[in-house]
Amino acid sequence: MSLRPRQVNFQDTWRHVQLTANEIVSVKPVTNRNWSDCFSDIYSLCVSYPDCHLEQLYNSTCDLLIDHVTRLRRKLLQVEGQHLPQVYTDSWENYREGARYLNILYSYFNREFHNQNNLSTCDPSDIQPNSSVHLMEIYQLAMKLWKVEMVDHVISLVVQATLAEFNKECNWVVEMCWHIAPLTMSLVEIESEKSSPLQLYEDTLEAPLLSLFSAHCKQYSSQLLEQDDYSNYLLQAGAKLDEMRGVFSTSGVHPSTQAKLAAVCEEHLIRDHLGYLCSGVNTIMKNEVKSDLGNLCRLLCCVKGALHPLLTAFEEHVKSKGMAAVVDCLDRKQGDAGVNFVTTVVSMHAHYVNMVVEVFNGHCSFQCALDRACRMFVNMKQAPLLHSKAPFILSRYCDHAFRKGIRSTCDRDGNWINDATTVFKFIDDKDLFLKCYSKALAKRLIHRLSRSTEAEEDMILRLRRTCGCQYVCRLQRMLLDISLSDDDIMDKFATYLKSTDSKLDVSFSALVLQSGSWPLAAANPCIPMATELVIPLQMFEQFYKRQFSGKGLTWIMAASSGELRMTYLDKPYTVCAPAHHMSILLAFNSSLCHSISFLLEHTNLEEMELMKTIQLLLDNKLLLVNEENCVCVGDLTSSSQLVLNTNYSNKRTRFKVTSFDGHDAIQEVEQTQMQSGVDVDRKLILQAAVVRVMKGRRVLQHSALVQECVVTRCLHCLHCSLGPVWL
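Residues numbered from 1 in each chain as written. Predicted model: local features only at pLDDT ≥ 70, side-chain atom pairs only at ≥ 80, totals over all residues. Heavy atoms only, no water.

*Asks:* Residues and numbers for the overall build of the protein, please.
*Replies:* Of regular secondary structure, the protein possesses 28 helices and 6 strands. For the protein, with 727 residues in total, the buried portion stands at 46%. A sequence separation of at least 24 residues applies to 71% of the contacts in the protein between residues at least 6 apart. When the accessible surface of the protein is summed, it comes to about 38100 Å², and 51% of that surface belongs to carbon and sulfur atoms. (Helix = DSSP H or I, 4+ residues; strand = E, 2+ residues; numbered from the N terminus. Buried < 20%, exposed > 50% of the residue type's maximum accessible area, 1.4 Å probe, protein only. Contact = heavy atoms within 4.5 Å. Areas by Shrake-Rupley, 256 points an atom, 1.4 Å probe, with all protein chains shown as cover.)

*Asks:* Tell me about the environment of threonine 184, and please be specific about residues and values.
*Replies:* Tracing the sequence through the fold places threonine 184 in helix H8 (residues 181-190). According to the relative accessible area criterion, threonine 184 is buried, its value standing at 4%. Taking the C-alpha atoms as reference points, threonine 184 and glutamate 202, 18 residues apart in sequence, are found 9.6 Å from one another. Not counting chain neighbours up to four residues away, the residues in contact with threonine 184 comprise Tyr201, Leu205 and His254.

*Asks:* Report on the pairing of strand S5 (residues 641-644), specifying residues and quantitative values.
*Replies:* Covered by surrounding structure in S5 are Leu642 and Leu644 only, the residues Gln641 and Val643 on the alternate face being uncovered. The pairing of strand S3 (residues 593-595) with S5 spans 3 bridges and is classified as antiparallel. Note on S5: the bridge partner recorded for cysteine 593 is valine 643. Bridging between strand S4 (residues 623-625) and S5 involves 3 bridges; their strand directions are antiparallel. Note on S5: the bridge partner recorded for leucine 623 is leucine 644. (Pairing = 2+ DSSP bridges.)

*Asks:* Help me get a handle on the environment of isoleucine 24, residues and values and all.
*Replies:* Take isoleucine 24: it is sitting in helix H1 (residues 10-25). By relative accessible area, isoleucine 24 is classed as buried at 4%. Taking the C-alpha atoms as reference points, isoleucine 24 and arginine 100, 76 residues apart in sequence, are found 9.3 Å from one another.

*Asks:* Can you tell me about the nonpolar core, naming the residues and giving the values?
*Replies:* Among the nonpolar cores identified, the biggest contains 149 residues, and Leu310, Phe314 and Phe360 are the most heavily contacted of them. Beyond its immediate sequence surroundings of up to four residues, leucine 310 is in contact with Val281, Met285, Leu293, Leu296, Cys297, Leu300, Phe360 and Phe366. Leu564, Ala587, Leu599 and Leu616 belong to the second largest nonpolar core, which has 31 residues in total. (Core = buried A, V, L, I, M, F, W, Y, C linked by side-chain atoms within 4.5 Å.)

*Asks:* Describe the packing of helix H21 (residues 453-467) against helix H22 (residues 469-499), listing the residues and the values that go with them.
*Replies:* For the pair H21 and H22, the least separation of the axes is 8 Å and the interaxial angle reads 165 degrees. Classified by the angle their axes make, H21 and H22 are roughly antiparallel. Crossing of H21 against H22: the hand is left-handed. In this structure, H21 uses Glu456, Glu457, Ile460, Leu463, Arg464 and Cys467 to contact H22, whose residues at the interface are Cys469, Tyr471, Val472, Leu475, Gln476 and Leu479. Residue composition of the contact of H21 with H22, grouped by class: 8 nonpolar, 1 polar and 3 charged. (Axes fitted to C-alpha atoms, helices over the stretch in contact; angles between N-to-C directions. Parallel < 35°, antiparallel > 145°, perpendicular 65-115°, else oblique. Left-handed = near helix turned anticlockwise from the far one by under 90°. Nonpolar A, V, L, I, M, F, W, Y, C, P; charged D, E, K, R; others polar.)

*Asks:* Give a detailed account of the sheet that holds strand S6 (residues 654-656), specifying residues and quantitative values.
*Replies:* In space, the 3 strands of this open sheet follow the order S1-S2-S6, with mixed pairing throughout. Only two strands of the sheet have a single neighbouring strand rather than two, namely strand S1 (561-566) and S6. Between one strand axis and the next, the sheet turns by 25 degrees as a mean value, whatever way the strands run. Where strand S2 (residues 573-578) meets S6, 3 bridges bridge the pair, whose relative direction is parallel. Bridge pairing links threonine 574 to arginine 654 in S6.

*Asks:* Report on H22, specifying residues and quantitative values.
*Replies:* Spanning 31 residues, H22 covers 42 Å between terminal C-alpha atoms, matching the ideal 45 Å at 1.5 Å per step. In the structure, H22 departs most strongly from a straight axis at serine 485, where the bend amounts to approximately 40 degrees. Downstream of H22 by one or two residues, aspartate 501 has phi in the positive range, about 55 degrees. (Expected span 1.5 Å × (residues − 1). Bend = angle between axes of the 7 residues up to and from the residue.)

*Asks:* Give a description of the side chain of threonine 61 that names residues and reports values.
*Replies:* Locating threonine 61 in the fold gives a position in helix H3 (residues 54-77). A relative accessible area of 1% means that threonine 61 is categorised as buried.

*Asks:* Please give an account of the sheet that holds S5 that cites residues and values.
*Replies:* For sheets, the rule is that strands pair by backbone hydrogen bonds, running either parallel or antiparallel. The strand order S3-S5-S4 describes an open sheet built from 3 strands, whose pairing is antiparallel. Each end of this open sheet is capped by a strand with a single partner; those strands are S3 and S4. Averaged over all pairs of adjacent strands, the angle between strand axes in this sheet comes to 30 degrees, irrespective of strand direction. Of the strands in this sheet, S3 and S5 touch helix H25 (residues 596-603), which is tilted by about 85 degrees from S3.

This is the structure in structure tokens:
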């Protein structure tokens, strides 16, 4: 083969090229020699001189392809209707294969035209086959001619025959999806180079396919409705949707059509019958028919906005069940320290969490509905103007668990903290809970009543994860104070006593607490204490001032306690009592009888406080009144005589001085005081928010001011601890 340009007779050379091209486009065997000779002839026609035969070669090839497609079309029109789709598919496969080989044979021709005419910038759909202004590559030309000479004439007949044939079969959808794949491929590939390659496919095949499938789904849904079985409809409709999605994804249906077919199926099986589907929601929700609920959820999830009735029914069902259980708990006496309440809430929450996971497939909307319902019945109020009892009950539950321990009913490991955290998550008055919890924590830490410091730290960590660092900052400081007092300060105090050769007559331990972190009553600057107890306090103050210069101490005697050993009875007793009680009892070391005026002078207590303390000791029968006409403290005077009970007896050798006042009445008073304090704190927060917003904005309308203040307060209440110190 010579590469030099030469004069070529087009007609003679084309005759040879035409024979080989006809065999190639008809997918007939071609020898290597004929292929090479034909390739050389095409090259010669492209580079011939003085005249180049490119356009003649292009036009002649176009006529050859037109004749070939015309013969195929005439042959196709002679075929009967039921065989027409298969014959069309076979003709297309052969034609496409031949066009690819012909394009390879014309590779030099295609490259030459790319260089001269910049074919890549042209849209093949805008080029006429016989035009010499804009020429196409041979494969593009073949696809264009197939559309013009074949598709435009016979495609409607082919599609009609295809859909009519498969509509007769029982499982026609599955069969049709597999058999229309070649037809789909031909319609898409014909215009693959076009700016909208799916236009022909959508107009000729997809539209009638969707119409036929729509009629099938409509008929199927009508048949299910005629059976008048709600559960069966949910089951069969869901199975049909799953089946169709599986068929569409694995068959030859074009990806763009898969979503449209699924939408048609959802339209007739779900959207058209939303009223019927929602009519049975309340019944199956009330009976908790999990299979029907799961099937209904899967159906409604397919339609945007259709899930709302099921979500509402689920939320109302959980709320009604929870409120009934909580009311039953609140009507009972809370002698179980809130265990029954917490156990009920946690059991309800665990049951419906499992339901959300198993039935509703963990759908986030149902999880949110469950949280809203739990928040409603946990914060249920017995009267509109009253606070919810949940913060008090949960605080009492935690206090009881830290003191005595509780085994969780929902945790095999007995970790009750998980239960408490679950309930805490739904409490709205978290500031009120913090007030109750911090007060109970202070008592446990000061009086060494907690079973585990690690558990206390774990609980605070859970609260921190839920509400943020600022919420638990005081609680963490309380734990830090106890740790420093036990591990650092008292060790240094013992070293100080050794260095000064001092010795205490009593066992003494002090806790140094930061002011503002502990929910304790205001301290009295003077020390109303017996002489025996004043000496250790004075020595500790000397040590502390020397160790920490610039820091002062204020003793909180109301939170102090100690142990006294009574050796004047038949058997030794150990009594645990607050510091004020100890001061009065220690006064009887010098005499078995004292007047009230002497006790006032000896203890430095206020008269009212002294009378309350004496009443408690009289109630516990540690002291007796030496006057027959004195029945209560109100009958006592400053000259009244108190006598130590030398005949005292108790079943226990170690006991506490306890109050005989009604415990429930005391709790009610404390709760009322805490609620009042929280209301005051909230008013201060709102005032602070108003001031903060107005300082920043200067001028603001009333409605906008209210809205911004509410947002500001919500942000702070969610993540911060509320109270005067924080402000």
